[in-house]
Amino acid sequence: TISFTAGGPVDTLEKLHALNWGDDLARLRATGFAEDAGLTLGTPYQVDYLSLDAVAHGSPTEAVHTTQWRNLLHGGGRALAEVESDGAGDPIALHEGPAKDGLEAAIAQAESLGPDFTARVVQSAPLKFSALKLEGDGKELFIPYPPNLTPLPNYQVIPADEAFAILKPLAAQILEASKGSDTSGG
């Protein structure tokens, strides 16, 4: 089994209703063919954003920025969106892209591994990398998922050192390209 960091908000669904997200919820219910009572939230989790500089220079798990809490919003038997909350636990965004489906599939893959793992979501927008990071049993593993566009295969369990062997040169290349001396900004 996997577990996410404890301490996330427990009343997000109620706040979505109380803070006038009703039109968005109605649209999502229609998309997921879900009744009012059919909307549920998954376990809260945080997203760690990898430092491009740290990845490029060999200390990839250092210097991360952690977002506020997110939950997968389910309805009609599938993920409809990720709900992001601010520091007070109030919803601030609904993310409806491919990450919601990818994360759900990565969690299912992780739960089939056997031993208990602590899980975190890890992303790097410049690298176009999204993964479920698992720690436990003396291991650190990644399960990349869409919208991951790196050479790391989606839904494969990859040891962290192997993943960063691929990500390190990509990060260095992006940093080098961003230095540029082109006065047009390109």
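My aim in this report is to walk through the structure given alongside it, one point at a time. Quick caveat: nothing in here was measured; it's all calculated off a predicted structure.

## Considering the overall build of the chain
Then comes step 1: Within the chain, the secondary structure is distributed over five helices and 10 strands.
Then comes step 2: Buried residues in the chain amount to 44% of all 186 residues.
Then comes step 3: Partitioning the contacts of the chain with sequence separation of at least 6, the portion at a separation of at least 24 is 51%.
Then comes step 4: Summed over all atoms, the accessible surface of the chain reaches about 9300 Å², with 53% contributed by carbon and sulfur.

## A closer look at unusual backbone geometry
Then comes step 1: Here the bond from Pro146 into Pro147 is cis, since omega is 20°, no more than 30 degrees from zero.
Then comes step 2: By the secondary structure assignment, Pro147 is in the loop between strand S9 (139-144) and strand S10 (158-159).
Then comes step 3: Phi at Asn20 takes a positive value of approximately 65°, unusual for a residue other than glycine.
Then comes step 4: With respect to the element layout, Asn20 can be found in the loop between helix H1 (12-18) and helix H2 (22-32).
Then comes step 5: Owing to a relative accessible area of 71%, Asn20 belongs among the exposed residues under this scheme.
Then comes step 6: A positive phi angle is found at Asp137, which is not glycine, with a value near 55°.
Then comes step 7: Locating Asp137 in the fold gives a position in the loop between strand S8 (129-136) and S9.
Then comes step 8: Accessibility expressed as a relative area gives 57% for Asp137, which makes it exposed.

## Some words on the nonpolar core
Then comes step 1: Ranked by size, the top nonpolar core spans 19 residues in total, and within it Ile2, Phe4, Tyr45, Leu103, Val121, Leu132 and Leu134 carry the most contacts.
Then comes step 2: When contributions to this core are tallied by element, the ones reaching two or more residues are strand S1 (2-4), strand S3 (45-49), helix H4 (99-111), strand S7 (117-124), S8 and S9.
Then comes step 3: The element best represented in this core is H4, accounting for five residues.
Then comes step 4: Setting aside its immediate chain neighbours within four residues, Ile2 contacts Ile107, Ala110, Glu111, Phe117, Ala119, Leu132 and Leu134.
Then comes step 5: Val55, Ala131, Ile158 and Phe164 belong to the second largest nonpolar core, which has 16 residues in total.

## Concerning the packing of aromatic side chains
Then comes step 1: For the structure shown, the criterion picks out three aromatic pairs.
Then comes step 2: An angle of 90° between the planes, with centres 5.4 Å apart, marks the rings of Phe142 and Phe164 as edge-to-face. Here Phe164 lies in helix H5 (residues 160-179) and Phe142 lies in strand S9, a separation of 22 residues in the sequence.
Then comes step 3: For Phe164, a relative accessible area of 10% puts it in the buried group.

## Regarding the pattern of salt bridges
Close approach of charged atoms lets side chains of opposite charge pair.
Then comes step 1: Summed over the entire model, instances satisfying the criterion amount to 11 salt bridges.
Then comes step 2: The salt bridge involving Arg27 is made with Glu96; its shortest N-O contact spans 2.8 Å. Here the residue Arg27 occupies a position in helix H2, and Glu96 occupies one in the loop between strand S6 (91-95) and H4, the gap between them amounting to 69 residues.
Then comes step 3: Between Glu176 and Lys179 there is a salt bridge, and its shortest N-O distance comes to 3.5 Å. Taken together, the positions of Glu176 and Lys179, both in helix H5 and three residues apart, correspond to about one turn of that helix.

## A few points about the environment of His95
Then comes step 1: Among the structural elements, His95 can be located in strand S6.
Then comes step 2: Remark: the alpha-carbon pair of His95 and Glu82, spanning 13 residues in sequence, is separated by 4.9 Å.
Then comes step 3: Those residues in contact with His95, other than ones at most four positions away along the chain, are Arg70, Ala81, Glu82, Glu84 and Lys100.
Then comes step 4: A distance of 3.5 Å separates polar atoms of two side chains, one belonging to His95 and the other to Arg70.

## Looking at H4
Then comes step 1: For H4, built from 13 residues, the straight-helix expectation of 18 Å at 1.5 Å per residue is met to within 8% by its first-to-last C-alpha distance of 18 Å.
Then comes step 2: Turning to H4, its buried residues number three or more, namely Ala99, Lys100, Gly102, Leu103, Ala106, Ile107 and Ala110. Buried residues in H4, looked at end-on, bunch into an arc of 160°, giving them a common side.

Calculation notes
- Residues numbered from 1 in each chain as written.
- Predicted model: local features only at pLDDT ≥ 70, side-chain atom pairs only at ≥ 80, totals over all residues.
- Heavy atoms only, no water.
- Helix = DSSP H or I, 4+ residues; strand = E, 2+ residues; numbered from the N terminus.
- Buried < 20%, exposed > 50% of the residue type's maximum accessible area, 1.4 Å probe, protein only.
- Contact = heavy atoms within 4.5 Å.
- Areas by Shrake-Rupley, 256 points an atom, 1.4 Å probe, with all protein chains shown as cover.
- Core = buried A, V, L, I, M, F, W, Y, C linked by side-chain atoms within 4.5 Å.
- Phe/Tyr/Trp six-rings, centres within 6.5 Å; stacked < 30°, edge-to-face > 60°.
- Salt bridge = Lys/Arg side-chain N within 4 Å of Asp/Glu carboxyl O.
- Polar contact = N/O pair within 3.5 Å; in protein donor to acceptor, adjacent residues only side chain to side chain.
- Expected span 1.5 Å × (residues − 1).
- Arc of directions from axis to C-beta.

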